[in-house]
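Understanding the architecture of this molecule
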Amino acid sequence: MTIEKVNIRGVNISNVTMDEADAFIRERMENDETTSVYTPNSEIVQLCIEKPEFSDLINKAELIVPDGIGVVKAAKILGTPIKEKVAGFDLGLRVMKMAQEKKYPVFLFGGADETRCECGVSIADQCVKVMEEKLPGIVFAGTRHGYFKKDGEENDETIRLINESGAKILFVCLGCPAQEKWIDANRDRLPNVRLFMGLGGSLDGYTGNVKRAPKVFIDLGLEWFYRLLCQPQRIGRMMSLPKFYFGTWMYKLKKK
Ligand code: UDP
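All of the points below concern the structure found in this document. None of these values were measured; they are calculated from a predicted model. Residue indices follow the written sequence of each chain, beginning from 1 at its first position. Side-chain atom pairs in this predicted model are given and counted only at pLDDT of 80 or more, local residue features only at pLDDT of at least 70, and totals for whole chains, interfaces and linings cover all residues. The side-chain quantities take in all heavy atoms of the structure and omit both hydrogens and water.

1. Concerning a nonpolar patch on the surface
A contiguous nonpolar surface patch, about 430 Å² in accessible area, is contributed by Y245, F246, W249 and L253. Judged by its relative accessible area of 54%, F246 is exposed. Candidate patch residues must exceed 30% relative accessible area and have no salt bridge, after which like charges are joined if within 9 Å and Val, Leu, Ile, Met, Phe, Trp or Tyr side chains if within 5 Å. Residue exposure ignores everything except the shown protein chains as possible cover, and the areas themselves are Shrake-Rupley values with a 1.4 Å probe. Salt-bridge detection follows one rule: a side-chain nitrogen of Lys or Arg within 4 Å of a carboxyl oxygen of Asp or Glu. Exposed residues in this analysis have more than 50% of their type's maximum accessible area, buried residues have under 20%, and partly exposed residues fall in between, with area computed by a 1.4 Å probe over protein chains only.

So this is what it looks like as C-alpha coordinates:
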(Lines give C-alpha, C1' and ligand atoms only; values in the text may rest on other atoms or scores of the structure.)
Protein backbone atom coordinates (compact mmCIF):
# COMPACT_ATOMS: atom_id res chain seq x y z
CA MET A 1 0.00 0.00 0.00
CA THR A 2 1.55 3.32 -1.01
CA ILE A 3 0.51 6.51 0.65
CA GLU A 4 0.83 10.05 -0.62
CA LYS A 5 2.91 12.43 1.45
CA VAL A 6 2.10 16.15 1.50
CA ASN A 7 4.81 18.67 2.30
CA ILE A 8 3.54 20.98 5.03
CA ARG A 9 6.15 23.61 5.87
CA GLY A 10 8.93 21.07 5.26
CA VAL A 11 7.36 18.09 7.01
CA ASN A 12 6.15 15.27 4.76
CA ILE A 13 2.79 14.44 6.31
CA SER A 14 1.12 11.17 5.25
CA ASN A 15 -2.25 11.94 3.70
CA VAL A 16 -4.26 9.19 5.34
CA THR A 17 -7.46 8.59 7.25
CA MET A 18 -7.27 6.75 10.55
CA ASP A 19 -8.47 3.55 8.81
CA GLU A 20 -5.80 3.89 6.14
CA ALA A 21 -3.05 4.49 8.72
CA ASP A 22 -4.22 1.38 10.56
CA ALA A 23 -4.29 -0.67 7.31
CA PHE A 24 -0.82 0.59 6.31
CA ILE A 25 0.65 -0.50 9.64
CA ARG A 26 -1.09 -3.88 9.50
CA GLU A 27 0.16 -4.52 5.98
CA ARG A 28 3.73 -3.66 6.86
CA MET A 29 3.57 -5.93 9.92
CA GLU A 30 2.23 -8.77 7.74
CA ASN A 31 5.10 -8.19 5.29
CA ASP A 32 7.63 -8.13 8.13
CA GLU A 33 8.73 -4.58 7.23
CA THR A 34 10.10 -2.15 9.81
CA THR A 35 8.07 1.02 10.33
CA SER A 36 8.52 4.17 12.38
CA VAL A 37 5.43 6.24 13.13
CA TYR A 38 5.62 9.87 14.26
CA THR A 39 2.66 12.02 15.13
CA PRO A 40 3.52 15.71 14.73
CA ASN A 41 1.11 18.41 15.84
CA SER A 42 1.51 22.15 15.15
CA GLU A 43 4.01 22.52 17.99
CA ILE A 44 6.23 19.84 16.46
CA VAL A 45 5.93 21.14 12.90
CA GLN A 46 6.92 24.58 14.23
CA LEU A 47 9.95 22.98 15.89
CA CYS A 48 10.82 21.39 12.53
CA ILE A 49 10.61 24.80 10.85
CA GLU A 50 13.01 26.23 13.43
CA LYS A 51 15.32 23.20 13.38
CA PRO A 52 15.61 21.83 9.83
CA GLU A 53 17.84 18.97 11.01
CA PHE A 54 14.94 17.75 13.16
CA SER A 55 12.66 18.04 10.15
CA ASP A 56 15.03 15.74 8.20
CA LEU A 57 14.94 13.24 11.06
CA ILE A 58 11.12 13.27 11.20
CA ASN A 59 10.89 12.86 7.42
CA LYS A 60 12.74 9.54 7.59
CA ALA A 61 9.69 7.84 9.14
CA GLU A 62 7.50 5.62 7.00
CA LEU A 63 4.30 7.06 8.51
CA ILE A 64 3.90 10.65 9.74
CA VAL A 65 0.35 11.42 10.81
CA PRO A 66 -1.11 14.84 11.63
CA ASP A 67 -1.85 14.72 15.35
CA GLY A 68 -3.64 18.04 15.50
CA ILE A 69 -6.25 20.11 13.79
CA GLY A 70 -3.67 22.90 13.32
CA VAL A 71 -1.69 20.77 10.85
CA VAL A 72 -4.87 19.92 8.93
CA LYS A 73 -5.80 23.64 8.81
CA ALA A 74 -2.30 24.57 7.65
CA ALA A 75 -2.56 22.05 4.80
CA LYS A 76 -5.80 23.70 3.72
CA ILE A 77 -4.32 27.21 3.93
CA LEU A 78 -1.42 26.06 1.75
CA GLY A 79 -3.80 24.68 -0.88
CA THR A 80 -2.76 21.05 -0.34
CA PRO A 81 -5.57 19.70 1.86
CA ILE A 82 -5.12 16.45 3.74
CA LYS A 83 -7.83 13.96 4.64
CA GLU A 84 -8.15 14.23 8.41
CA LYS A 85 -6.48 14.57 11.77
CA VAL A 86 -5.12 11.21 12.93
CA ALA A 87 -4.55 11.47 16.67
CA GLY A 88 -1.53 9.52 17.88
CA PHE A 89 -3.45 8.58 21.02
CA ASP A 90 -6.18 6.88 18.93
CA LEU A 91 -3.74 5.31 16.49
CA GLY A 92 -1.89 3.86 19.47
CA LEU A 93 -5.14 2.23 20.60
CA ARG A 94 -5.65 0.77 17.12
CA VAL A 95 -2.14 -0.67 17.29
CA MET A 96 -2.88 -2.22 20.70
CA LYS A 97 -6.00 -3.81 19.17
CA MET A 98 -3.95 -5.20 16.28
CA ALA A 99 -1.37 -6.52 18.76
CA GLN A 100 -4.14 -8.30 20.65
CA GLU A 101 -5.59 -9.86 17.49
CA LYS A 102 -2.26 -10.91 15.97
CA LYS A 103 -0.48 -11.70 19.24
CA TYR A 104 2.37 -9.30 18.47
CA PRO A 105 4.30 -8.72 21.73
CA VAL A 106 4.33 -5.05 22.80
CA PHE A 107 6.97 -3.22 24.82
CA LEU A 108 6.08 0.07 26.54
CA PHE A 109 8.99 2.47 26.98
CA GLY A 110 8.60 5.89 28.62
CA GLY A 111 6.60 7.71 31.26
CA ALA A 112 7.18 8.26 34.94
CA ASP A 113 8.92 5.68 37.11
CA GLU A 114 7.35 4.28 40.27
CA THR A 115 8.88 6.97 42.54
CA ARG A 116 7.05 9.69 40.58
CA CYS A 117 3.66 7.96 40.77
CA GLU A 118 1.51 8.23 43.89
CA CYS A 119 0.41 4.59 43.60
CA GLY A 120 4.05 3.38 43.50
CA VAL A 121 3.64 1.75 40.08
CA SER A 122 5.31 3.15 36.96
CA ILE A 123 3.08 4.61 34.26
CA ALA A 124 4.13 1.89 31.79
CA ASP A 125 3.22 -0.87 34.28
CA GLN A 126 -0.09 0.86 35.04
CA CYS A 127 -0.75 0.90 31.31
CA VAL A 128 -0.08 -2.84 31.00
CA LYS A 129 -2.78 -3.45 33.62
CA VAL A 130 -5.28 -1.15 31.95
CA MET A 131 -4.74 -2.72 28.52
CA GLU A 132 -4.83 -6.29 29.80
CA GLU A 133 -8.28 -5.54 31.18
CA LYS A 134 -9.45 -3.72 28.08
CA LEU A 135 -7.94 -6.13 25.55
CA PRO A 136 -7.80 -9.63 27.09
CA GLY A 137 -5.04 -11.79 25.64
CA ILE A 138 -2.79 -8.88 24.61
CA VAL A 139 0.85 -9.83 25.16
CA PHE A 140 3.24 -7.37 26.78
CA ALA A 141 6.91 -8.21 26.32
CA GLY A 142 8.07 -5.69 28.92
CA THR A 143 8.18 -2.11 30.18
CA ARG A 144 10.79 0.51 30.96
CA HIS A 145 10.21 3.97 32.42
CA GLY A 146 11.63 6.97 30.62
CA TYR A 147 13.63 8.77 33.29
CA PHE A 148 17.31 8.07 32.68
CA LYS A 149 20.13 9.34 30.47
CA LYS A 150 19.46 8.20 26.93
CA ASP A 151 23.00 7.78 25.64
CA GLY A 152 24.91 5.91 28.30
CA GLU A 153 25.03 2.55 29.99
CA GLU A 154 21.41 2.69 31.08
CA ASN A 155 20.40 3.12 27.49
CA ASP A 156 22.47 0.11 26.43
CA GLU A 157 20.76 -1.85 29.18
CA THR A 158 17.37 -0.72 27.87
CA ILE A 159 18.26 -1.83 24.35
CA ARG A 160 19.31 -5.22 25.70
CA LEU A 161 16.07 -5.51 27.66
CA ILE A 162 13.95 -4.76 24.60
CA ASN A 163 15.94 -7.12 22.36
CA GLU A 164 15.69 -9.96 24.86
CA SER A 165 11.97 -9.37 25.42
CA GLY A 166 11.05 -10.46 21.89
CA ALA A 167 8.96 -7.32 21.35
CA LYS A 168 7.63 -6.72 17.84
CA ILE A 169 5.98 -3.39 18.69
CA LEU A 170 7.66 -0.65 20.70
CA PHE A 171 5.85 2.37 22.11
CA VAL A 172 8.39 5.14 22.78
CA CYS A 173 6.73 7.75 24.97
CA LEU A 174 9.36 10.27 26.01
CA GLY A 175 7.78 13.44 24.57
CA CYS A 176 8.96 15.29 21.50
CA PRO A 177 11.73 15.64 20.30
CA ALA A 178 13.34 13.09 22.68
CA GLN A 179 11.33 10.11 21.43
CA GLU A 180 11.92 10.75 17.72
CA LYS A 181 15.64 11.26 18.35
CA TRP A 182 15.75 8.08 20.43
CA ILE A 183 14.03 6.02 17.73
CA ASP A 184 16.30 7.46 15.05
CA ALA A 185 19.43 6.71 17.07
CA ASN A 186 18.43 3.22 18.22
CA ARG A 187 16.22 1.66 15.54
CA ASP A 188 19.11 -0.23 13.95
CA ARG A 189 20.09 -1.67 17.33
CA LEU A 190 16.65 -3.27 17.70
CA PRO A 191 16.53 -5.65 14.73
CA ASN A 192 13.50 -7.64 15.87
CA VAL A 193 11.21 -4.68 16.52
CA ARG A 194 9.00 -4.09 13.49
CA LEU A 195 6.98 -1.09 14.66
CA PHE A 196 8.27 1.99 16.48
CA MET A 197 5.55 4.38 17.68
CA GLY A 198 6.55 7.83 19.01
CA LEU A 199 3.57 8.63 21.19
CA GLY A 200 4.37 11.40 23.68
CA GLY A 201 2.11 11.45 26.70
CA SER A 202 -0.23 8.69 25.47
CA LEU A 203 0.58 6.30 28.34
CA ASP A 204 -0.46 9.07 30.76
CA GLY A 205 -3.74 9.25 28.84
CA TYR A 206 -4.40 5.49 28.63
CA THR A 207 -3.91 5.16 32.38
CA GLY A 208 -6.16 8.13 33.16
CA ASN A 209 -3.32 10.07 34.79
CA VAL A 210 -3.90 12.86 32.28
CA LYS A 211 -7.47 13.35 31.17
CA ARG A 212 -8.19 13.62 27.48
CA ALA A 213 -10.27 16.60 26.31
CA PRO A 214 -14.04 16.00 26.23
CA LYS A 215 -15.41 15.34 22.73
CA VAL A 216 -16.94 18.81 22.45
CA PHE A 217 -13.47 20.41 22.75
CA ILE A 218 -12.07 17.96 20.17
CA ASP A 219 -14.96 18.61 17.75
CA LEU A 220 -14.47 22.37 18.04
CA GLY A 221 -10.72 22.03 17.40
CA LEU A 222 -10.04 23.25 20.93
CA GLU A 223 -8.21 20.25 22.37
CA TRP A 224 -5.14 22.47 22.81
CA PHE A 225 -7.21 24.87 24.96
CA TYR A 226 -8.41 22.06 27.22
CA ARG A 227 -4.81 20.87 27.63
CA LEU A 228 -3.79 24.39 28.55
CA LEU A 229 -6.53 24.57 31.20
CA CYS A 230 -5.41 21.25 32.72
CA GLN A 231 -1.66 21.82 32.35
CA PRO A 232 -1.10 25.62 32.47
CA GLN A 233 2.66 24.98 32.65
CA ARG A 234 2.43 24.19 28.92
CA ILE A 235 1.84 27.87 28.10
CA GLY A 236 5.45 28.42 26.98
CA ARG A 237 5.35 25.47 24.58
CA MET A 238 1.97 26.52 23.32
CA MET A 239 3.20 29.88 22.11
CA SER A 240 4.39 27.95 19.09
CA LEU A 241 0.74 27.39 18.04
CA PRO A 242 -0.03 31.02 16.99
CA LYS A 243 3.51 31.23 15.61
CA PHE A 244 2.77 28.26 13.38
CA TYR A 245 -0.68 29.49 12.34
CA PHE A 246 0.31 33.06 11.44
CA GLY A 247 3.64 31.87 10.04
CA THR A 248 1.74 29.60 7.66
CA TRP A 249 -0.34 32.53 6.41
CA MET A 250 2.80 34.63 5.92
CA TYR A 251 4.46 31.73 4.10
CA LYS A 252 1.44 31.37 1.81
CA LEU A 253 1.24 35.10 1.06
CA LYS A 254 4.97 35.29 0.30
CA LYS A 255 4.71 32.33 -2.09
CA LYS A 256 1.91 33.97 -4.13
N1 UDP B 1 8.97 11.59 29.77
C2 UDP B 1 9.86 10.54 29.97
N3 UDP B 1 11.17 10.82 30.21
C4 UDP B 1 11.65 12.09 30.25
C5 UDP B 1 10.75 13.16 30.03
C6 UDP B 1 9.40 12.86 29.78
O7 UDP B 1 9.47 9.38 29.92
O8 UDP B 1 12.84 12.27 30.46
C9 UDP B 1 7.57 11.28 29.54
C10 UDP B 1 6.61 12.00 30.45
O11 UDP B 1 6.51 11.30 31.68
C12 UDP B 1 5.34 11.97 29.65
C13 UDP B 1 5.84 12.02 28.20
O14 UDP B 1 7.23 11.70 28.26
O15 UDP B 1 4.65 10.76 29.83
C16 UDP B 1 5.70 13.38 27.55
O17 UDP B 1 4.40 13.78 27.59
P18 UDP B 1 3.92 15.13 26.90
O19 UDP B 1 2.46 15.19 27.07
O20 UDP B 1 4.75 16.27 27.35
O21 UDP B 1 4.34 14.82 25.40
P22 UDP B 1 3.70 15.25 24.06
O23 UDP B 1 2.65 14.23 23.79
O24 UDP B 1 3.14 16.64 24.23
O25 UDP B 1 4.90 15.17 23.15
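2. Brief notes about the pairing of strand β6 (residues 140–144)
Judged from the four bridges that link them, strand β5 (residues 106–110) and β6 form a sheet pairing that is parallel. Looking at β6, one finds that L108 is bridged to T143. Here, the term right-handed applies to a crossover whose path from the first strand over the helix to the second runs clockwise when the strands point away from the viewer. In this description a helix means any DSSP run of H or I spanning at least four residues, a strand means any run of E spanning at least two, and both kinds are numbered starting from the N terminus. Viewed along the sheet, the connection from β5 through helix α6 (residues 123–134) into β6 turns out right-handed. Strand pairing is defined by DSSP finding a minimum of two bridges between the two strands.

3. Focus on the pattern of salt bridges
Using the criterion set out here, one finds 22 salt bridges in the structure. The partner of E62 in a salt bridge is R187, with the nearest N and O atoms 3.1 Å apart. Taken together, the positions of E62 in the loop between α3 (52–59) and β4 (63–64) and R187 in the loop between α8 (178–186) and β8 (195–198) put the pair 125 residues apart, joining distant regions of the chain. What you see here is one network of salt bridges that share partners, running through D19, D22, R26, R94, K97 and E101.

4. Looking at the side chain of Q126
Along the polypeptide, Q126 turns up in helix α6. Taking the relative accessible area as the measure of exposure, Q126 reaches 14% and is therefore buried. When checking whether two residues touch, look at their non-hydrogen atoms; a contact exists if any pair is within 4.5 Å. Discounting chain neighbours no more than four positions away, the residues touching Q126 are C117, C119, V121, T207 and N209.

5. Considering the environment of V16
Within the fold, V16 resides in the loop between β2 (11–14) and α1 (18–30). Taking C-alpha positions, V16 is 32 Å from A112, a pair spaced 96 residues apart along the chain. Here V16 is in contact with I3, A21, L63, V65, K83, E84 and V86, once residues within four sequence places are set aside.

6. Focus on the nonpolar core
Generally speaking, soluble globular proteins have nonpolar side chains that are buried together. Definition used in this section: a nonpolar core is a set of buried Ala, Val, Leu, Ile, Met, Phe, Trp, Tyr and Cys residues joined via side-chain atoms within 4.5 Å. L91, L108, I169 and F171 are the most contacted members of the largest nonpolar core, which totals 37 residues. Considering each element in turn, this core owes the most residues, six residues, to helix α5 (residues 88–102). Apart from residues no more than four positions distant in its own chain, L108 is found in contact with M96, A124, C127, V128, F140, G142, T143, R144, F171 and L203. One finds A61, I162, L190 and F196 within the second-largest nonpolar core, a separate group that totals 33 residues.

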